[in-house]
Amino acid sequence: MINIANLEKKIVYFSATDYNFAIFSYKTFKLQMKVFKFGGASVKDAKSIKNVADIIKNNLKDNPLIVISAAGKTTNALEKVVNEYFNNSGNAFEALEDVKKMHYDIINELFDAENEDLTAEINDMFVDVEWILEETAVGSFDQTYDQIVCLGELLSTKIVSAYLNSIGIQSNWLDVRDCILTDNNYRDANLDWEETSRRIRKTVPPLMNNALVLTQGFLGNTSENFTTTLGREGSDYTAAIFSYCLDATSMTIWKDVAGVLNADPRIFQNATLLKEISYSEAIEMTYYGAQVIHPKTLQPLKNKNIPLFVKSFLQPDNEGTIVTDKEPSNYPPVFVVKENQALLNFYSKSFNFVDEYKFSKLFDAFAHHRIKVNMTQNTALSFSVCVNHDERKMTALCEELEIEYNIEIISDLKLLTIRHGNAQIIEEFTKNRKIYLEEKIRSNVQIIMNSNEILA
Ligand code: ADP
Ligand code: ASP
Ligand code: MG
C-alpha cells in the first residue's frame, strides 16, 4: 500500500532520480483508502461511541477516512432551537440546554478523568451559538438555520475524535468546511465540485499520515465563509464526495439495520435484506424517500464505480448490502413510504387551460420557493402536486399563485411507492382506502393516502 502522505515526507531524503521516481509514483499510485460513514444512531450515546471505536479499530488496516453525523436526534433538537429563536418564544436557550446536557452526559460517561481540552472546545462551540441567540432574529431563516444546526456535527466529531485519541487510535479532526465549498443555497447547498475536489486532494492525504482522518458530514462553507448544510440526512453525500475525490476503494455506511431492506422495518415487520442492488435501483428507492441512504450519494459513487456497502454497526461482521453497477436478475417487491406529504390542488380561476406555459410558471414557482415536487397530475383546468409539507414554504408559494388559481391544500398524507410489485400487491394496498392520487410508470406505482393508514 502506498500512502501519499508518507511518500511526500520521504522524498526530502531522496536523490534527484529518486525524486523524479517519487513524483511519478505520486501521480501513478492512488491513495489506498476507504470511507466509512457513521450516522446519528451509531453515536447516540457513550456506549454506541465505544462500539464505533471498536469497528474503527478492527478496520484500521483499510486506512479509513471517517465521516460522522450529529449524535442521535441532535439535528432535530437544534431545529427546535432555531424555530424557538425565530418565533421569539424566549425558549431558544432552554432548547439549547437540552442539547448541552445530552453532550456533556456523553462526555462524562466516555472519559474517566476530565478532558480539559475537549471541554474547552465544546464550551466554545456552544458559546458561538449563544452569541447568535442573543441577537434578535432578523436575517434569513435558512442562513441562520445552517449557522446553528452545524453545531451537531461539530460536537459529535470532536467527542469521537477525542475518545479515539484517548484509547490510542490517533485521529486527525478535520473541519470539513475547509474542504467542502458550496453556493449559498442554505439548507440544501450545491457543491462546487472542482474547488472541493482540489481542496480535498490537497488537505486530506497529509493528514492521513499515521493517523486516521475524522470529519463532519452534512456541512459545507460558502466563499464568504458562512456555514451551509447539504440537506437533511446529507452526511451520506459528504462521504460520497470524499470517496469520489480520493478515489476510495469502497465506501461503507454503518446503520442500525442489516443493510438495505425491501422496506422500512419500522413500518413493515417482514422487511428482508437486499444483498445486492444496483446504483440505479438505490437511486430510485432513495429518491422516493427510503431513508436508508441519502439520494445524492449514489451519483458520485456510480461515476467512479466505487462499491457502496451498507452494514450493521450492531453486527459488523455480517455482509449487509453491496451497491454496484451490477443489476441483479430480479428484485422482490420494494416498498418506500414518504411521510409528511401535502397535496396542493390548483384550479385555474380564468378557465384557461393549464398548458405548457402555465406549467413552466408553476414549476418556476416551486423551484423558486425550493419546494420538492414528489408527484404531479393534471386535467384541463387543474393541476395537483404532492410535496413535502413545509408550512413556511407552502404559504409563500400560495401567496404568489393565488392570483391565478384557487388553491386547495390537503395535509397529513403519505406517499407509498411500490417497485417491482404486481397487480395483486397493488390491489392489497389500495383496496378500501381513500386514494388521493395514483400513478403507474413501468414497475413503479405511486399512491397518495392518509398518513394514518396502517400498511402492515
Ligand atoms: P442514521 O443514524 O445512519 O442517519 P437513519 O435513522 O437516518 O440512520 O436511517 C436508518 C433507518 O432507515 C433505519 O433504522 C430504518 O428504519 C430506516 N429505513 C427506511 N427505509 C429503509 C430500507 N429500505 N432499508 C433499511 N432501512 C430503512
Ligand atoms: N445530522 C444531519 C441530519 O440529521 C445529517 C445526517 O444525519 O446525515 O439530517
Ligand atoms: Mg439519519
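Parameters and conventions
Residues numbered from 1 in each chain as written. Chains lettered and ligands numbered in written order. Predicted model: local features only at pLDDT ≥ 70, side-chain atom pairs only at ≥ 80, totals over all residues. Heavy atoms only, no water. Pairing = 2+ DSSP bridges. Helix = DSSP H or I, 4+ residues; strand = E, 2+ residues; numbered from the N terminus. Axes fitted to C-alpha atoms, helices over the stretch in contact; angles between N-to-C directions. Phe/Tyr/Trp six-rings, centres within 6.5 Å; stacked < 30°, edge-to-face > 60°. Buried < 20%, exposed > 50% of the residue type's maximum accessible area, 1.4 Å probe, protein only.

What to know about the sheet that holds strand β8 (residues 276-278)
Two strands in a sheet stick together by hydrogen bonds in their backbones, pointing the same way (parallel) or opposite ways (antiparallel).
Piece 1. Across the sheet, which stays open at both edges, the 8 strands sit in the order β3-β4-β2-β1-β7-β9-β10-β8 with mixed pairing between neighbours. Across the chains shown, the open sheet's two edge strands, defined by having one partner strand only, are β3 (171-174) and β8. Pairwise comparison of adjacent strand axes, ignoring direction, gives a mean angle of 20 degrees for this sheet.
Piece 2. Both strand β2 (residues 64-68) and strand β4 (residues 212-216) contribute to a ladder of 4 bridges, which runs parallel.

Looking at the packing of aromatic side chains
Piece 1. Summed over all chains, the structure comprises 20 aromatic pairs.
Piece 2. Geometrically, the ring pair formed by F36 and W254 is edge-to-face, given 5.6 Å between the ring centres and 75 degrees between the ring planes. Of this pair, F36 sits in strand β1 (residues 34-38) while W254 sits in strand β7 (residues 250-255), placing them 218 residues apart in sequence.
Piece 3. F36 gets classed as buried once you look at its relative accessible area, which sits at 2%.
Piece 4. Owing to a relative accessible area of 4%, W254 belongs among the buried residues under this scheme.
Piece 5. Here F346 and Y405 contribute two aromatic rings whose centre-to-centre distance is 5.6 Å and whose plane-to-plane angle is 75 degrees, an arrangement assigned as edge-to-face. Taken together, the residues span a long stretch of sequence, with F346 in strand β11 (residues 334-348) and Y405 in strand β14 (residues 405-419) at a distance of 59 residues. No difference in accessibility class separates F346 from Y405, as the two residues are buried.

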